[in-house]
Amino acid sequence: MIPYGKHLVDEDDIDAVVDVLRNQFLTQGQVVPQFEQALCEYTKAKHCVAVNSATSGLHVACLAADVGQGDLVWTVPNSFVASANCALYCGASVDFVDINPTTRNIDIDSLERKLIHAQRRNRLPKALIVVHFSGLSCDMQRIRELTQKHAIIVIEDAAHGLGGSYQQTKIGSCVYSDLTVLSFHPVKSITSAEGGAVLTNHKAMFERLLLFAKHGVTKDVAQYQGDSHGPWYYQQLALGYNYRLSDLHAALGLSQLKKLDAFIQRRAEIAKKYDLALADLPLKLPSVEPHSHSAWHLYMVELTEHSRQEIYQQLHAKGVGVNVHYIPIHLQPYYQQLGFKQGDFPASEYFYQHALTLPLFASMTDKEQNKVIDTLIEVLK
Ligand SMILES: *Cc1c(COP(=O)(O)O)cnc(C)c1O
């Protein structure tokens, strides 16, 4: 079966991990700060905190944004559940803004309307979490313009986005946001097995990220309440978590980061070939936005004439492991219990009914891609 996504780990990556095992601290050593530094250099963000998953990263990003009980956080239904769960972890409530049917990212007009309505009802969100679905950046400048006047904190869930760019900057630069969260799960742009990172340009938010990702404990004398008891001393200032990335994982991530641009280039090449080969089929292909270069995490098509269920099954029977992204978050039983219902976000629901994710990963061979294309042509005939 050709999978929809897969990591590409080579001998350099293995050597980097083995070097940590043989010669370095397994955790809280020097490799994590090196990885953080390299992520700052790549994205041009000022600060970075590596964490053990993007899910942890989204949680501490919300905490850094001071999201808590009684607050409201908005995100999109067309994402993985982690994009919404992070607000609930903090005791806040979640609401959604529907997607644009072309970009499949947050719909800017819906956002604008919802903000006007929320302002009237005096129920504006504390934070907005936008998702760069499939690796294509949201229109961050517009999002910043709309949210800035209400002092809404903007968090980018860039789990799909590392290696992509918006205007002239890499996703993660935080030029138009407060915080950006990355994932290094094996299907994403680069992997550390499990892992993630949070980027920001705000010094104060960076300090809060560090605090919440590390037990709420600090050894920074400047932050102490009262005097230090001596060199062994530390203080717990908040209820934090252990969301540290280990040096083993960081070594893999750091080694992978060196190959990120090559991975993205290969992904873009595969996407281009799909664009050309599938142009005449009854499919809606991914959109191209003038402001962005996609990281091509996913290559999504929408079936315009066929049943998704049938095509999915036929492709799987022939060894093509297509997938579906995403079951709208508000349709999950857990979110239905919170009061959301079918029909609330029609564009996300429509997309879910018709969407199919084709295999796309940096190590995909031409032969594998040709098989995907030929099989798709065959089943859509
Ligand atoms: C993968 C993913 C996450 C979660 O990432 P983990 O590192 O597995 O916690 C969050 N949001 C989106 C959009 C994702 O695709």
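What you see is a predicted model; the values in this text were computed from it and never measured. (Residues numbered from 1 in each chain as written. Predicted model: local features only at pLDDT ≥ 70, side-chain atom pairs only at ≥ 80, totals over all residues. Heavy atoms only, no water.)

Draft legend 1. Quick peek at the overall build of the protein chain. When its secondary structure is counted, the protein chain shows 13 helices and 15 strands. In terms of overall size, the protein chain behaves like a compact globule, its C-alpha atoms giving a radius of gyration of 21 Å where 381 residues would be expected to give roughly 21 Å. Across its three principal axes, the protein chain shows a C-alpha extent of roughly 75 × 60 × 40 Å. Looking at the protein chain as a whole, 57% of its 381 residues are labelled buried. Once local pairs closer than 6 in sequence are excluded, the contacts in the protein chain between residues at least 24 apart make up 73%. For the protein chain, the centre of its 34 positive side-chain charges and the centre of its 39 negative side-chain charges are spaced 2 Å apart. (Helix = DSSP H or I, 4+ residues; strand = E, 2+ residues; numbered from the N terminus. Rg over C-alpha atoms; globule rule 2.2 N^0.38 Å. Buried < 20%, exposed > 50% of the residue type's maximum accessible area, 1.4 Å probe, protein only. Contact = heavy atoms within 4.5 Å. Lys, Arg positive; Asp, Glu negative; His and termini not counted. Charge placed at Lys NZ, Arg CZ, Asp CG, Glu CD.)

Draft legend 2. Spatial organisation of the pattern of salt bridges. Per the stated rule, a full pass over the model turns up 17 salt bridges. Between Lys259 and Asp13 there is a salt bridge whose closest N-O contact spans 2.5 Å. Remark: Asp13 occurs in helix H1 (residues 11-23) and Lys259 occurs in the loop between helix H8 (247-257) and helix H9 (260-278); sequence separation between them is 246 residues. Residue Lys259 is classed as buried on the basis of its relative accessible area, which comes to 17%. Since its relative accessible area comes to 0%, Asp13 is described here as buried. One salt bridge connects Arg104 with Glu302, and the closest N-O pair in it is separated by 2.9 Å. With a gap of 198 residues between them, Arg104 in the loop between strand E3 (93-96) and helix H5 (108-120) and Glu302 in strand E14 (residues 299-303) connect regions that are remote in the sequence. Summarising the burial analysis for this pair, Arg104 and Glu302 share the class buried. (Salt bridge = Lys/Arg side-chain N within 4 Å of Asp/Glu carboxyl O.)

Draft legend 3. Inspection of helix H12 (residues 346-354) at higher detail. Considered for burial, the residues of H12 that qualify are Ala347, Ser348, Glu349 and Phe351. As for H12, its buried residues are in contact with E14 and strand E15 (355-358).

Draft legend 4. Molecular detail of the site of the ligand. Not every one of the 15 residues close to the ligand is listed here, only the nearest: Thr55, Asp157, His160, Ser183 and Lys188. Measuring from an oxygen atom of the ligand, one finds a backbone N or O atom of Ala54 at 2.9 Å. Within the side chain of Ser183, one N or O atom sits 2.8 Å away from an oxygen atom of the ligand. Notes on the ligand: free accessible area 380 Å², of which the protein chains cover 92%. Sorting the residues of the shell around the ligand by element identifies helix H3 (54-64) and helix H4 (82-89) as the ones contributing at least two each. (Near = heavy atom within 4 Å. Polar contact = N/O pair within 3.5 Å; in protein donor to acceptor, adjacent residues only side chain to side chain. Areas by Shrake-Rupley, 256 points an atom, 1.4 Å probe, with all protein chains shown as cover.)

Draft legend 5. Up close: the pairing of strand E2 (residues 72-75). Burial along E2 is two-sided: Leu72 and Trp74 facing one way and Val73 and Thr75 facing the other are all buried. Note that E2 and E3 share four bridges and pair parallel. Within E3, the position partnered with Leu72 by the bridge is Ser93. In this fold, E2 hands off to H4, which returns the chain to E3; that crossover is right-handed. (Pairing = 2+ DSSP bridges. Right-handed = clockwise from strand over helix to strand, strands pointing away.)

Draft legend 6. Spatial organisation of the sheet that holds strand E13 (residues 292-293). Judged by pairing direction, the sheet is antiparallel, and its three strands sit side by side in the order E7-E6-E13 without closing on themselves. On the outer flanks of this sheet lie strand E7 (169-170) and E13, each paired with one strand and no other. Pairing analysis gives two bridges linking strand E6 (residues 165-166) to E7, with the strands arranged antiparallel. By the bridge assignment, Tyr166 is partnered in E7 with Thr169.

Draft legend 7. Seen up close, unusual backbone geometry. The omega torsion across His325 and Tyr326 is -5°, close enough to zero to call that bond cis. Mapping Tyr326 onto the fold places it in the loop between helix H10 (308-317) and helix H11 (333-337). The backbone of Cys174 shows a phi angle near 60°, a positive value even though the residue is not glycine. The residue Cys174 is located in the loop between E7 and strand E8 (179-183) in this model.

Draft legend 8. Geometry of the packing of H1 against H8. With their axes 8 Å apart at the nearest point, H1 and H8 run at an angle of 150° to one another. Here H8 runs roughly antiparallel to H1, going by the angle between their axes. Handedness of the H1/H8 crossing: right-handed. Contacts between H1 and H8 involve Asp12, Asp13, Ala16, Val17, Val20 and Leu21 on the former and, on the latter, Asp247, Leu248, Ala251, Leu252, Ser255 and Gln256. In terms of residue class, the contact of H1 with H8 is made up of seven nonpolar, two polar and three charged. (Axes fitted to C-alpha atoms, helices over the stretch in contact; angles between N-to-C directions. Parallel < 35°, antiparallel > 145°, perpendicular 65-115°, else oblique. Left-handed = near helix turned anticlockwise from the far one by under 90°. Nonpolar A, V, L, I, M, F, W, Y, C, P; charged D, E, K, R; others polar.)

Draft legend 9. A look at the packing of aromatic side chains. Tallying each qualifying case throughout the model produces 13 aromatic pairs. Look at Phe96 and Phe345: their rings are 5.7 Å apart centre to centre, the planes differ by 70°, and that puts the pair in the edge-to-face class. Here Phe96, found in strand E3, pairs with Phe345, found in the loop between H11 and H12; they are 249 residues apart in sequence, far enough to count as distant. Accessibility classification places Phe96 together with Phe345 in one group, the buried group. The rings of Phe96, Tyr334, Tyr335, Phe340 and Phe345 are connected pair by pair, giving a single aromatic cluster. Its guanidinium or amino end placed over the ring of Trp74, Lys114 lies 5.3 Å from that ring's centre, counting from NZ or CZ. (Phe/Tyr/Trp six-rings, centres within 6.5 Å; stacked < 30°, edge-to-face > 60°. Lys NZ or Arg CZ within 6 Å of the ring centre and 35° of its normal.)

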